[in-house]
Amino acid sequence: MSRNEPFESVPMANDHPDQAISLAQALLAPRIVIEDTQPVLDAGSFAAKAVSGQPVTVSTKAYSDGHDRLAVMLNWRQAHSRRWHCVSMQAAGNDLWLAEFTPTELGPHRFSIEAWIDPFATYCHDLEKKYHAGVEVKLELEEGRLMLGKGIELCSGALREELEAVQHRLATLSTDDQVAVFLDPTTARLMGEAEHRSYLSRSPEFPLDVDRPAALFASWYELFPRSMTDDPQRHGTFNDVHERLPMIRDMGFDVLYFPPIHPIGMQHRKGRNNALKAEPGDPGSPYAIGSPEGGHEAIHPQLGSRDDFRRLVAAAAEHGLEIALDFAIQCSQDHPWLKEHPGWFSWRPDGTIRYAENPPKKYQDIVNVDFYAPEAVPSLWLALRDVVVGWVEEGVKTFRVDNPHTKPLPFWQWLIANVRSQHPDVIFLAEAFTKPAMMARLGKVGYAQSYTYFTWRNHKQELREYFEQLNQPPWSQCYRPNFFVNTPDINPFFLHTSGRAGFLIRAALATMGSGLWGMYSGFELCEGTPLPGKEEYLDSEKYEIRPRDFTQPGNIIAEIAQLNRIRRQNRALQTHLGVAFFNCWNDNILYFAKRTPERDNYILVAVSLDPHNAQEAHFELPLWELGLDDNAETQGEDLMNGHRWSWYGKTQWMRIEPWHLPFGIWRIAKAG
């Protein structure tokens, strides 16, 4: 159903029940309670997240005094439209009502709930109970005819004609047949359209932000274009990246992410391994953005021209890849803005500018802008918005944002909404490793995806707790986790000594745990040599050009390709939602399921968290979730190798040997 007229305002219940209300207020207050509506963030202060083409399930509690039956309706629309779509909500017991709708357009939406007392539904409920109990219903049938007559008086046109036809039929029918007519769902529908909505109550409008599917399901691959070379003395180019596209595609990735591609400053340029002094020829960190050749809008000349970049974007698209860029707001001391807009920065009394710090780390090669400096408001904000829009116009629709938690939240809320009002298909990924409240808030203000604590979760209990947390409100409504297994900044301790099996363990956890995952180039080669005692790479690519042989022995390219293939072929794996943990009697094996709400795609995952030793365990098949008894037969399929078998009963046994494959991924179905 749909309608175009705006909803009228209906008074809501007093928000402060401890405060007395006047008689006039009490008489105007709604009789029906609508509360605990989901998905709603912070009472509607922020938009819950949704994806175009996928159902949004809405729940609410609606109830009133007495025993009258209620009708509850879900209404939804695009934010810029006055046309409401209406869906009847279904009672699910204990005053809970459920409905779903499927948005097809991107951008902001609104939804609300309305409820009213339904006299005809109440009448039918009582009539059915009395009739089946053998009670005389002659008077009740007369009441029904009177109610039908009132409904006819309230309507016109085709609806009136249909109700009059029902009225005429009743005059010739027996008692049993009259009861059947009144209880017919068609009669209920017609009366529902005709009746006055008694004691109508409406909830506030709640916001919903609809993204394209890639905001929920995507596989990211990160590389430095300058390292796409066979000689560390020769700077790689955009044209060199073309040769890498087929292999990235064949591994199953669909997002190719570049660190900053802009000119790099010379002042305080970092040398290899983060040395404070660069040697001749050292390329510097790409995060030290800006030189006389340009700033955030410019391309490093050694990478190629703007036309080269455009050709790369087009070539990537032909391989099913979209290019994602880094949006890092910091500047080198050679950035043109320091001369053109000195008021956008904070200067020290001696005329120098303070470089960036994140104690104990120091970033002598970059400085930060001051968002609230008098000369920066609003010109800096607009300039940064224009940088993003400029790259969107070059075909970039996905941005990984560097350290967004160190920039003002109001800025992000404005910028993301402003950009997406023009380009609703743009996706922002928050690279924020900080306190939980801030990470959740970034999702609330508009970030479609976020980096996560997954990188540091290694043990069974902490992994389980984290997966379950991400599946529960408010996280499930505001936060889409992108499980990056490594980054240029983070070489996790687990990978330093775990060998090839360790990389496979982390890949399996990431690909099966979330619809979003990513890896930084070199992970597929099991690179993990650290700076001693630190979660950083020795000879970090952030400070030097690093050619690689992507065919070297010991790689896990084939396994990554199969994991991504499994994800594409199974809907249950295309989201972080739908996870459940079941009994597995070994603390070294994480055992969980990913399944669709309909249970028509049911995946079991068992990952050994021990990269060095074989692990065995008895475990339970969740037969009860498939509607089966404890002795039922089920069919299993190993999705890594295609092997199939039958399971008999609930309790089974597994052995995982990390020198073969440290995990199992099985699709389970009812026998036959």
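Residues numbered from 1 in each chain as written. Predicted model: local features only at pLDDT ≥ 70, side-chain atom pairs only at ≥ 80, totals over all residues. Heavy atoms only, no water.

**Q** I would appreciate a short explanation of the overall build of the protein chain in the present structure.
**A** Looking only at helices and strands, the protein chain features 18 helices and 29 strands. In terms of overall dimensions, the protein chain has a C-alpha envelope of 100 × 65 × 50 Å along the principal axes. Per-residue burial over the protein chain gives 54% buried out of 672 residues. Of all intrachain contacts in the protein chain linking residues separated by at least 6 positions in sequence, the fraction that spans at least 24 positions is 75%. Positive and negative side-chain charges of the protein chain, numbering 66 and 87 respectively, have mean locations separated by a distance of 2 Å. (Helix = DSSP H or I, 4+ residues; strand = E, 2+ residues; numbered from the N terminus. Buried < 20%, exposed > 50% of the residue type's maximum accessible area, 1.4 Å probe, protein only. Contact = heavy atoms within 4.5 Å. Lys, Arg positive; Asp, Glu negative; His and termini not counted. Charge placed at Lys NZ, Arg CZ, Asp CG, Glu CD.)

**Q** Could you clarify how one ought to interpret helix H14 (residues 460-470) in this entry?
**A** Think of an α-helix as 3.6 residues a turn; residues three or four steps apart then line up on the same face. If you check which residues of H14 are buried, you get Lys 460, Leu 463, Tyr 466, Phe 467 and Leu 470. Relative to the axis of H14, the buried residues are bounded by an arc of 140° and lie together on one face. (Arc of directions from axis to C-beta.)

**Q** Help me understand the packing of aromatic side chains in this model?
**A** For any two aromatic rings, the description comes down to two numbers: the centre-to-centre distance and the angle of the planes. Inspection of every chain in the model, using the stated rule, returns 44 aromatic pairs. With a centroid separation of 6.4 Å and 80° between ring planes, the pair formed by Phe 371 and Trp 381 is classed as edge-to-face. One end of the pair, Phe 371, is in the loop between strand E16 (361-367) and helix H11 (379-392); the other, Trp 381, is in helix H11, and 10 residues separate them in sequence. Residue class for Phe 371 comes out buried when judged on its relative accessible area of 6%. Take Trp 381: its relative accessible area is 13%, and that puts it in the buried class. Ring centres of Phe 581 and Phe 592 lie 5.6 Å apart, and the angle between their planes is 45°; this geometry places the pair in the tilted category. (Phe/Tyr/Trp six-rings, centres within 6.5 Å; stacked < 30°, edge-to-face > 60°.)

**Q** Would you explain unusual backbone geometry in this entry?
**A** Negative phi values dominate among residues other than glycine, just as trans dominates among peptide bonds. That bond from Val 377 to Pro 378 is cis: its omega, 5°, falls within 30 degrees of zero. Here Pro 378 shows up in the loop between E16 and H11. Residues Pro 473 and Pro 474 are joined by a peptide bond in cis, for which omega reads 0°. Here Pro 474 lies in the loop between H14 and helix H15 (475-478). The phi angle at Asn 94 is positive, at roughly 55°, despite the residue not being glycine. Checked against the element boundaries, Asn 94 lands in the loop between strand E7 (90-91) and strand E8 (96-101). Relative accessible area serves as the criterion here: at 71%, Asn 94 is assigned to the exposed category.

**Q** For this particular structure, what's the right way to read the sheet that holds strand E2 (residues 33-38)?
**A** Within a beta sheet, neighbouring strands are joined by backbone hydrogen bonds and run either parallel or antiparallel to one another. Within the open sheet, the 4 strands sit side by side as E2-E4-E8-E7. Their pairing is antiparallel. The open sheet terminates on both sides in strands that have one partner only, identified here as E2 and E7. For E7 and E8, the ladder comprises 2 bridges, and the chain directions are antiparallel. By the bridge assignment, Ala 91 is partnered in E8 with Trp 97. (Pairing = 2+ DSSP bridges.)

**Q** How should I be thinking about the domain arrangement of the protein chain in this particular structure?
**A** One frequently used descriptor of interface size is the decrease in accessible area upon assembly of the parts. According to the domain assignment, the protein chain consists of domain 1 (23-118 + 202-210), domain 2 (120-194), domain 3 (213-330 + 383-573) and domain 4 (579-670). Once you take the C-alpha centre of each, domain 2 and domain 4 turn out to be 54 Å apart. (Domains from an automatic or database assignment.)

**Q** Looking at this model, I keep getting lost on the side chain of Asn 486. Mind explaining?
**A** With respect to the helices, strands and loops of the structure, Asn 486 is situated in the loop between strand E20 (482-484) and helix H16 (494-497). A polar atom in the side chain of Asn 486 sits 2.9 Å from the backbone nitrogen of Tyr 520. One polar contact links Asn 486 to Tyr 537, side chain to side chain, over a distance of 2.9 Å. If near-sequence neighbours (up to four positions away) are discounted, Asn 486 is found in contact with Pro 492, Met 519, Tyr 520, Phe 523 and Tyr 537. (Polar contact = N/O pair within 3.5 Å; in protein donor to acceptor, adjacent residues only side chain to side chain.)

**Q** Quick question: what am I supposed to make of the UniProt feature "domain: Glycosyl hydrolase family 13 catalytic" (unreviewed entry) in the protein chain here?
**A** The positions UniProt marks with the feature "domain: Glycosyl hydrolase family 13 catalytic" (unreviewed entry) are residues 222-567. Secondary structure over residues 222-567 splits into 32% helix and 12% strand, and the C-alpha atoms at its two ends are 19 Å apart. (UniProt positions renumbered as here; feature names shortened; annotations may be inferred.)

**Q** Whenever I open this one, the pattern of salt bridges confuses me. Can you help?
**A** When the charged atoms of two side chains lie near each other, side chains of opposite charge can form a pair. The final tally for this structure, using the stated rule, is 41 salt bridges. Put simply, Glu 524 and Arg 244 hold a salt bridge, and the shortest N to O gap is 2.9 Å. Taken together, the residues span a long stretch of sequence, with Glu 524 in the loop between strand E21 (516-520) and helix H18 (557-569) and Arg 244 in the loop between helix H7 (238-241) and helix H8 (245-250) at a distance of 280 residues. With its nearest N and O atoms 2.8 Å apart, the salt bridge here joins Arg 400 to Asp 326. Here the residue Arg 400 occupies a position in strand E17 (residues 398-402), and Asp 326 occupies one in strand E14 (residues 322-327), the gap between them amounting to 74 residues. Among the charged side chains, a salt-bridge network with shared partners connects Asp 209, Asp 211, Arg 420 and Arg 480. (Salt bridge = Lys/Arg side-chain N within 4 Å of Asp/Glu carboxyl O.)

**Q** When you look at the environment of Ser 346 in this model, what are you seeing that I'm missing?
**A** With respect to the helices and strands, Ser 346 occurs in the loop between helix H10 (336-340) and strand E15 (355-358). Ser 346 sits in the partly exposed class, given a relative accessible area of 40%. Residues Ser 346 and Val 369, 23 residues apart in the sequence, show an inter-C-alpha distance of 7.3 Å. Once residues lying within four places of it in the same chain are set aside, the contact partners of Ser 346 are Ile 353, Arg 354 and Asp 370. A polar contact of 3.0 Å, which involves the side chain of Ser 346, links it to the side chain of Asp 370.

**Q** Hey, could you run me through the nonpolar core in this one?
**A** General note: in soluble globular proteins, nonpolar side chains tend to be found buried as a group. Membership of the largest hydrophobic core comes to 109 residues, with the highest contact counts inside it found for Phe 309, Phe 399, Trp 412 and Phe 428. Residues contacting Phe 428, with those up to four places away along its chain left out, are Val 388, Phe 399, Val 401, Leu 415, Ile 416, Val 419, Tyr 447, Ala 448 and Gln 449. (Core = buried A, V, L, I, M, F, W, Y, C linked by side-chain atoms within 4.5 Å.)

**Q** Please clarify how H18 should be interpreted in this entry.
**A** With 13 residues, H18 extends 19 Å from end C-alpha to end C-alpha; this agrees with the ideal 18 Å at 1.5 Å per step. Residues of H18 that are buried: Ile 557, Glu 559, Ile 560, Ala 561, Gln 562, Leu 563, Asn 564, Ile 566 and Arg 567. Contact partners of the buried residues in H18: strand E12 (218-222), H8, helix H17 (499-513), E21 and strand E29 (663-670). (Expected span 1.5 Å × (residues − 1).)

**Q** Would you explain the packing of helix H2 (residues 119-132) against helix H5 (residues 175-183) in this entry?
**A** The relative placement of two packed helices comes down to the angle between their axes together with the axis-to-axis distance. Where H2 contacts H5, the axes come no closer than 10 Å and their chain directions differ by 145°. The interaxial crossing formed by H2 with H5 has left-handed handedness. Residues Phe 120, Tyr 123, Cys 124, Leu 127, Glu 128 and Tyr 131 of H2 form the contact with H5, whose participating residues are Asp 176, Val 179, Phe 182 and Leu 183. For the contact of H2 with H5, a count of residues per class yields 8 nonpolar, no polar and 2 charged. (Axes fitted to C-alpha atoms, helices over the stretch in contact; angles between N-to-C directions. Left-handed = near helix turned anticlockwise from the far one by under 90°. Nonpolar A, V, L, I, M, F, W, Y, C, P; charged D, E, K, R; others polar.)

**Q** Would you mind showing me how to read the packing of H2 against helix H3 (residues 138-153) here?
**A** Running from N to C, H2 and H3 cross one another at 160°; their axes reach a closest spacing of 11 Å. Put simply, H2 runs roughly antiparallel to H3. The interaxial crossing formed by H2 with H3 has left-handed handedness. Of the residues in H3, those in contact with Pro 119, Phe 120, Tyr 123, Leu 127 and Lys 130 of H2 are Glu 140, Leu 141, Glu 143, Gly 144 and Met 147. Residue composition of the contact of H2 with H3, grouped by class: 6 nonpolar, 1 polar and 3 charged. (Parallel < 35°, antiparallel > 145°, perpendicular 65-115°, else oblique.)

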